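# Structural features, examined
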Amino acid sequence: MEGGSGNNSAPPSTTFDKSKVLDVKPLRTLVPVFPSSPQTPPFVCAPPSGPFPTGFTPFYPFNGPQPNPPDLNQQTHTPAPLRSFRAPLSNGEVSRDGNADGSIDAPTKRPVGRPRSTSSQKKAKKDLDVALSVANTKFVVGISFSQKQDGDREVVNSVRMRFDALRRRLSRLEDPKESVSRADLKAGKILMKKGARTNARKRVGVVPGVEIGDIFFFRIEMLLVGLHAQSMAGIDCMVVRGEIEDLLAVSIVSSGGYDDEAEDKDVLIYSGHGGNVNSNKKDKQIADQKLERGNLAMERSLHRNNEVRVIRGMKDSISATAKVYVYDGLYRIQESWVEKGKSGCNIFKYKLLRLPGQPSAFAVWKSIQQWREGFSSRVGLILPDLTSGAESIPVSLVNDVDEEKGPAYFTYVATVKYIKPFKLMEPSYGCNCRSACAPGDLNCSCNRKNGGDFPYTANGVLVSRRPLVHECGPTCPCIPNCKNRVSQTGLKVRLEVFKTKDRGWGLRSWDPIRAGTFICEYSGEVIEKVKTRQDGEGEDDDYVFDTTRVYEPFKWNCEPGIVEEDNNDTTEEYNIPSPLIISAKNAGNVARFMNHSCNPNVFWQPVAYEQNNESYVRIAFFALRHIPPMTELTYDYGTTCTDEADGNNALHGKKKCLCGSPRCRGHFG
DNA sequence: GTACGTTCATTCAG
DNA sequence: CCTGAATGAACGTA
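First, a word on scope: everything that follows refers to the structure included in this document. (Residues numbered from 1 in each chain as written. Chains lettered and ligands numbered in written order. Predicted model: local features only at pLDDT ≥ 70, side-chain atom pairs only at ≥ 80, totals over all residues. Heavy atoms only, no water.)

Helix and strand content of chain A: 10 helices and 25 strands. Relative to its 669 residues, chain A shows a buried fraction of 51%. Sequence-distant contacts, at least 24 apart, represent 72% of the contacts inside chain A between residues at least 6 apart. (Helix = DSSP H or I, 4+ residues; strand = E, 2+ residues; numbered from the N terminus. Buried < 20%, exposed > 50% of the residue type's maximum accessible area, 1.4 Å probe, protein only. Contact = heavy atoms within 4.5 Å.)

By nearness alone, 26 residues border DNA strand C, and Arg182, Arg219, Ser255, Tyr258 and Tyr325 come closest of all. Counting only atoms of DNA strand C within 4 Å of the protein, the sugar-phosphate share comes to 55%. Glycine 234 is positioned with one of its backbone polar atoms (N or O) 3.3 Å from a phosphate oxygen of DNA strand C. Here valine 253 contributes a backbone N or O atom positioned 3.3 Å from a base oxygen of DNA strand C. Taken together, the elements giving at least two residues each to the surface near DNA strand C come down to β4 (246-254), β5 (267-271) and β7 (323-340). Partitioning the surface near DNA strand C into residue classes produces seven nonpolar, 11 polar and eight charged. (Near = heavy atom within 4 Å. Polar contact = N/O pair within 3.5 Å; in protein donor to acceptor, adjacent residues only side chain to side chain. Nonpolar A, V, L, I, M, F, W, Y, C, P; charged D, E, K, R; others polar.)

Here strand β14 (residues 505-509) lies mainly inside the structure; five of its five residues are buried. Of the two faces of β14, the one carrying Trp505, Leu507 and Ser509 and the one carrying Gly506 and Arg508 are both buried. Across five bridges, the pairing between strand β13 (residues 495-499) and β14 is antiparallel. Looking at the pairing, phenylalanine 498 lines up with glycine 506 of β14. The turn joining β13 and β14, which pair antiparallel and follow one another in sequence, is formed by five residues; a positive phi near 70° is taken by glycine 504. (Pairing = 2+ DSSP bridges.)

Here the focus is the sheet that holds strand β17 (residues 544-546). Taken in spatial order, the three strands make up an open sheet running β16-β18-β17, and their pairing is antiparallel. With partners counted over all chains shown, the strands left at the sheet margins are β16 (525-526) and β17, one partner each. As judged from the three bridges shared by β17 and strand β18 (residues 581-583), these two strands associate in the antiparallel manner. Pairing of aspartate 546 across the sheet is with isoleucine 581, part of β18.

Now for unusual backbone geometry. Despite not being glycine, arginine 293 shows a phi value in the positive range, around 50°. Its location among the elements puts arginine 293 in helix α8 (residues 293-304). Residue class for arginine 293 comes out exposed when judged on its relative accessible area of 61%. Unusually for a residue other than glycine, serine 388 sits at a positive phi of about 50°. Inspection of the secondary structure puts serine 388 in the loop between β9 (381-383) and β10 (396-398).

This paragraph deals with the packing of aromatic side chains. A full pass over the atoms with the stated rule returns 20 aromatic pairs. Taking 4.7 Å as the distance between ring centres and 55° as the angle between the ring planes, the aromatic pair formed by phenylalanine 621 and tyrosine 635 counts as tilted. In this pair, phenylalanine 621 is assigned in strand β22 (residues 614-623) and tyrosine 635 in strand β23 (residues 634-635), connecting sequence segments 14 residues apart. With respect to class, phenylalanine 621 is no different from tyrosine 635; both count as buried. What links up through ring pairs into an aromatic cluster is the set Tyr522, Phe545, Tyr551, Tyr574, Trp604, Phe621, Tyr635, Tyr637 and Phe668. Seen from the ring of phenylalanine 216, arginine 160 lies directly overhead, with NZ or CZ sitting 4.6 Å from the centre. The cationic tip of arginine 592 hangs over the ring face of phenylalanine 593; the distance from NZ or CZ to the ring centre is 5.2 Å. (Phe/Tyr/Trp six-rings, centres within 6.5 Å; stacked < 30°, edge-to-face > 60°. Lys NZ or Arg CZ within 6 Å of the ring centre and 35° of its normal.)

Okay, the sheet that holds strand β12 (residues 469-470) next. Sheet architecture is open: four strands sit in the order β12-β21-β22-β15, paired in mixed fashion. Two strands bound the open sheet, and with one partner strand each, they are β12 and β15 (518-521).

Our next topic: helix α6 (residues 183-193). Among the residues of α6, Ala183, Asp184, Lys186, Ala187, Gly188, Ile190 and Leu191 are the ones counted as buried. Glycine 195 occupies a position one or two residues after α6 and carries a positive phi of about 75°.

Another aspect to go through is the environment of tryptophan 365. Checked against the element boundaries, tryptophan 365 lands in helix α9 (residues 362-373). Looking at tryptophan 365, the relative accessible area reads 13%, which means it is buried. Between the C-alpha atoms of tryptophan 365 and lysine 265, which are 100 residues apart in sequence, the distance is 9.3 Å. Not counting the four nearest positions on each side in its chain, tryptophan 365 is found in contact with Ile215, Met314, Val324, Val326, Pro512 and Pro629.

Examined against the element boundaries, valine 159 turns out to sit in helix α5 (residues 153-171). Classification of valine 159 by relative accessible area gives buried; the value is 1%. In this structure, the C-alpha to C-alpha distance between valine 159 and glutamate 221, residues 62 residues apart in sequence, is 8.5 Å. When sequence neighbours within four positions are dropped, the list of residues in contact with valine 159 reads Ile143, Leu191, Ala196, Arg197, Thr198, Leu224 and Val225.

This brings us to α8. For α8, which comprises 12 residues, the first-to-last C-alpha distance of 16 Å matches the rise-based estimate of 16 Å (1.5 Å per residue) to within 8%. Of all the positions in α8, only Gly294, Asn295, Ala297, Met298, Glu299, Ser301 and Leu302 are classed as buried. (Expected span 1.5 Å × (residues − 1).)

At their nearest, the axes of α5 and α6 sit 8 Å apart, and the two run at 130° to each other. Looking at the two axes, α5 sits oblique to α6. Handedness of the crossing formed by α5 with α6: right-handed. Between α5 and α6, the contacting residues are Val159, Arg162, Phe163, Leu166, Arg167, Leu170 and Ser171 on the first element and Ala183, Asp184, Lys186, Ala187, Gly188, Ile190 and Leu191 on the second. Looking at side-chain class alone, the contact of α5 with α6 contains eight nonpolar, two polar and four charged residues. (Axes fitted to C-alpha atoms, helices over the stretch in contact; angles between N-to-C directions. Parallel < 35°, antiparallel > 145°, perpendicular 65-115°, else oblique. Left-handed = near helix turned anticlockwise from the far one by under 90°.)

Right, let's get into the nonpolar core. Of all hydrophobic cores here, the largest spans 49 residues; its most connected members are Tyr522, Phe545, Met594, Phe621, Leu633 and Tyr635. Going through the elements one at a time, β13, β14, β15, β21 (602-611) and β22 are the ones with two or more residues in this core. With five residues, the top contributor of residues to this core is β22. If you look at the next biggest cluster of nonpolar residues, it comprises 38 residues, including Leu191, Val207, Ile311 and Val326. (Core = buried A, V, L, I, M, F, W, Y, C linked by side-chain atoms within 4.5 Å.)

With that settled, the discussion passes to the pattern of salt bridges. In this structure the tally under the stated criterion is 34 salt bridges. For glutamate 404, the salt bridge identified is with lysine 499, shortest N-O distance 2.8 Å. One end of the pair, glutamate 404, is in the loop between β10 and β11 (411-412); the other, lysine 499, is in strand β13, with 95 residues separating them in the sequence. By relative accessible area, which is 5% here, lysine 499 ends up buried. Two residues, aspartate 636 and arginine 665, come together in a salt bridge whose shortest N-O distance is 2.8 Å. Residue aspartate 636 is located in the loop between β23 and β24 (655-656), and its partner arginine 665 is located in the loop between β24 and β25 (667-668); the two are separated by 29 residues in the primary sequence. With a relative accessible area of 9%, aspartate 636 lands in the buried category. (Salt bridge = Lys/Arg side-chain N within 4 Å of Asp/Glu carboxyl O.)

This is the structure in structure tokens:
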């Protein structure tokens, strides 16, 4: 397993029998490349040099005990910080927290003449709302008052993951009669009402826990973490009270709806709002923009010279209208002017400059776009496709940190080999669906095996972790792009294998990745037992995936009871019919390059499907949270069950962890 | 597959 | 408290 640099310098052809792996299709061999640099040292097994925290949890748990609950019971108002531009606790804020009375059926005024929903639709919607409202009472928030006002990284991640878990769960209901439209809004509404948000107090500048480069797929997500507190409007502003009361812009979203110029990575020409430029009203009356609200705030911020957060919105490839938002850090407004728009009406324009010294975010996206279009070459590119066509999309091999020309020789296999079937409790011959298997169709035996709970959303995103995901297999008659074949259809995310600074080769993506996205399976050769030096088997096999290791439990699924009929087993403990050990030392795919982290962004999930009336289990990797482009992909390797009573060093075979997470366990493997 | 219109939402400011 | 503006998002149609 790629855990460090120690394995990458083995001579390519002397340590294993190539013929054994070269006669099976569809194999592609990686062009042999030899490290030109001196051998890098193998993994150090030195004892930890400092105190390592115990009681690790991979991320802030949704509920249940927390290692160090920060201010969990604090109910008193924290005094408003003396820092300028921080919104004081308003009465409105307190009252919103206090009386979440759930009046979700409050009538909303519609513009006259707008067609109204049919009564049956309204009834269905109301029923669902009531169900959601009832479910809310069981909902454990676990976010303290002070965390709601001012967050940190853990709270921000917790809110974002909880939002998406809930959104996926709500959008899973694909029976058209019960379909939830705008699951994002529904999930956001529930979380808002329960106070499961953070950084609710507006502020100028940095939002604690939100990092430059963070990505969002819904406006509501940015609202929940306090990055941009408007559900639709592009300019967010706040009133500051000082010697004179002032209105300041705090954040803007550049989404392409207006005539912005967003070509330069450090400069943004932003248009003011209003004038019905992009109104969804029937009358396309275009008017001059007025110096009010957001426009006024931008003008005041120009004179005050305060920092303005900039979020860049872009088209997401997942669908025609989907967007992805990238937090690009702090800018300052340099100048403003008024110009005539296409229709001849006045439009406010603002020129913003990015503050220097910030990590790049949008610039990374620009570079990737250039590489894709071939306008610029990737620095340090060694191979455009290390799979030699074994995958349907290329995987680049890149080294921009040193001279090493590639990992040690291995054979690229897109899927696992020598896999053994396991016996099912009851024999199964796949489903009988003619076209695509339909979620909710209990005539489909694959659906029944999944407890009637379709594992994926319409976008092919995993809804929840479960003991075993049952996909349709090669002998199911449904169409090849049936939605229940996500892990069999090959790579969808554009990946690259790259040289890390201190952990050998690693894996990362050019594409932004939504939580729950399938990344790859763990390919390789199924083996009976892990080879170790101790057993006289030569060197340790570090490219191993082993289901019998001990894995740190973590919570990924949405809380049970959010949706009324959602009473299925929500356990996230895996149930694998028989242990599975895969070695990718000699043959494997991109998964062999994924490094370990104690705070990973990827997790594995066993997936079963049938072939010739037998069932097989494979290991599929999914994104644990949203992953920005060029962020290293990591998962938790787990730990071997070391028998400490046998006199051996309990750390034998374990490797010093370099993941750098605050909750690092110190060792892994 | 993209482009555009329609529809139904939500939050916050005024 | 009430109202409406607002650089949403999904979906249907061309």
